[in-house]
Amino acid sequence: MKPEDWESYYVRILDWFGFSREDDERAAGILSSLLPRNSIELLKKTVEGSDWIVAGNSPSLKDELKKTDFTGYKIMSADAASLVLYKNGIRPDVIVSDLDGMDEEFFEMNDKGTILVLHAHGDNIPLIKSWVPRVRGEIVGTTQSSPLSNVYNFGGFSDGDRAVFLAKELGARSVKLIGFNLDDKSVDPVKHGKLMIARKLLKIAGYDI
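Owing to the predicted nature of the structure, the values given are computational and were not obtained by experimental measurement.

Caption draft 1: Here's a closer look at the overall build of the protein. When its secondary structure is counted, the protein shows 9 helices and 7 strands. For the protein, the C-alpha radius of gyration of 16 Å lies close to 17 Å, the compact-globule estimate for 209 residues. The dimensions of the protein, computed from C-alpha atoms along their principal axes, are 45 × 35 × 30 Å. Long-range contacts, defined as pairs at least 24 residues apart, comprise 60% of the intrachain contacts of the protein with a sequence gap of at least 6. Within the structure as shown, the protein displays about 9,600 Å² of accessible surface, and the carbon and sulfur contribution to it stands at 49%. The centroid of the 27 positive side-chain charges in the protein is displaced by 3 Å from the centroid of its 32 negative side-chain charges.

Caption draft 2: Spotlight on the packing of aromatic side chains. Inspection of the entire model under this criterion finds 7 aromatic pairs. Ring geometry for Y152 against F154: centres 6.0 Å apart, planes inclined by 15 degrees, an arrangement best described as stacked. A relative accessible area of 9% places F154 in the buried class. Through a chain of ring-to-ring contacts, the aromatic side chains of W6, Y9 and Y10 assemble into a single cluster.

Caption draft 3: Region of interest: the packing of helix α1 (residues 3–17) against helix α9 (residues 189–204). As a packed pair, α1 and α9 sit with axes 12 Å apart at the nearest point and diverge in direction by 165 degrees. Taken together, the axis directions place α1 and α9 in an arrangement best described as roughly antiparallel. You can see that α1 and α9 cross each other, and the crossing is right-handed. Contacts from W6, Y9, I13 and F17 of α1 reach α9 at V190, G193, K194, I197, L201 and I204. Here the residues of the contact of α1 with α9 are counted per class, giving 8 nonpolar, 1 polar and 1 charged.

Caption draft 4: Layout of the pairing of strand β2 (residues 74–78). Summarising burial for β2: 4 of the 5 residues are buried, a large majority. When strand β1 (residues 51–55) meets β2, the two strands line up parallel, connected through 4 bridges. From the neighbouring strand, V54 faces β2, where its bridge partner is M76. Taken together, β1, helix α4 (residues 61–67) and β2 constitute a β-α-β crossover, and its handedness is right-handed. Looking at chain direction, β2 and strand β3 (residues 94–97) are connected through 3 bridges and run parallel. When the sheet's bridge partners are listed, M76 is paired in β3 with V94. Traced from β2 through helix α5 (residues 81–87) to β3, the parallel crossover comes out right-handed.

Caption draft 5: Representation of unusual backbone geometry. Unlike most non-glycine residues, D79 shows phi in positive territory, near 50 degrees. Its location among the elements puts D79 in the loop between β2 and α5. Of note, L99 is a non-glycine position whose phi angle comes to about 80 degrees, a positive value. One can find L99 in the loop between β3 and α6 (104–111).

Caption draft 6: The pairing of strand β5 (residues 139–143), seen in detail. Counting buried residues in β5 gives 5 out of 5 residues, a clear majority hidden from the surface. Every second residue of β5 is oriented toward a common face, with I139, G141 and T143 on one face and V140 and T142 on the other, all of them buried. One ladder, built from 2 bridges, connects β5 with strand β6 (residues 151–152); its direction is parallel. Along β6, the bridge assignment pairs G141 with V151.

Reading guide: rules and limits
Residues numbered from 1 in each chain as written. Predicted model: local features only at pLDDT ≥ 70, side-chain atom pairs only at ≥ 80, totals over all residues. Heavy atoms only, no water. Helix = DSSP H or I, 4+ residues; strand = E, 2+ residues; numbered from the N terminus. Rg over C-alpha atoms; globule rule 2.2 N^0.38 Å. Contact = heavy atoms within 4.5 Å. Areas by Shrake-Rupley, 256 points an atom, 1.4 Å probe, with all protein chains shown as cover. Lys, Arg positive; Asp, Glu negative; His and termini not counted. Charge placed at Lys NZ, Arg CZ, Asp CG, Glu CD. Phe/Tyr/Trp six-rings, centres within 6.5 Å; stacked < 30°, edge-to-face > 60°. Buried < 20%, exposed > 50% of the residue type's maximum accessible area, 1.4 Å probe, protein only. Axes fitted to C-alpha atoms, helices over the stretch in contact; angles between N-to-C directions. Parallel < 35°, antiparallel > 145°, perpendicular 65-115°, else oblique. Left-handed = near helix turned anticlockwise from the far one by under 90°. Nonpolar A, V, L, I, M, F, W, Y, C, P; charged D, E, K, R; others polar. Pairing = 2+ DSSP bridges. Right-handed = clockwise from strand over helix to strand, strands pointing away.

What follows is the structure in structure tokens.
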């Protein structure tokens, strides 16, 4: 999704949750200043023309892994779903994360070739400052607000749906979803609201979950 197409959805999300656009833009500026490099061309080359499985971080993911044939697919994971994959012997090609689930093992995967797509929003500035300068491998920055020269907006709000929009925007041939349980009753009200938004956004992307 192009930033101009995303804008109307973004404004409604800000209103719904009471988030601050100014805080989002400040976070994007900080991310921009701290990025050790910009691997956008490698990310485009990696995504374009390939078949992808995007893994969300629902509790069902571990069981779904046992039923999924990964043959011929590249793998993109949402935040902490990356750790579930890695602990089951699967290293994702791309991790999409707002840093909430960031772990030292992300660096290990990054060192082995996983591209980190790290996201800035108003609530994660301390995490940006803590984690981003330590990245040794390939990295791309994203925002949900106005893009900058080295911080991109592919659309999407939470890590999972943002990964789907990224894959589609960068030319993936196909995108299959696993680990997207949007009816999880164990989450808090804010997370429930985010799952509702994710469902609406994924429907726009062609997924009726």
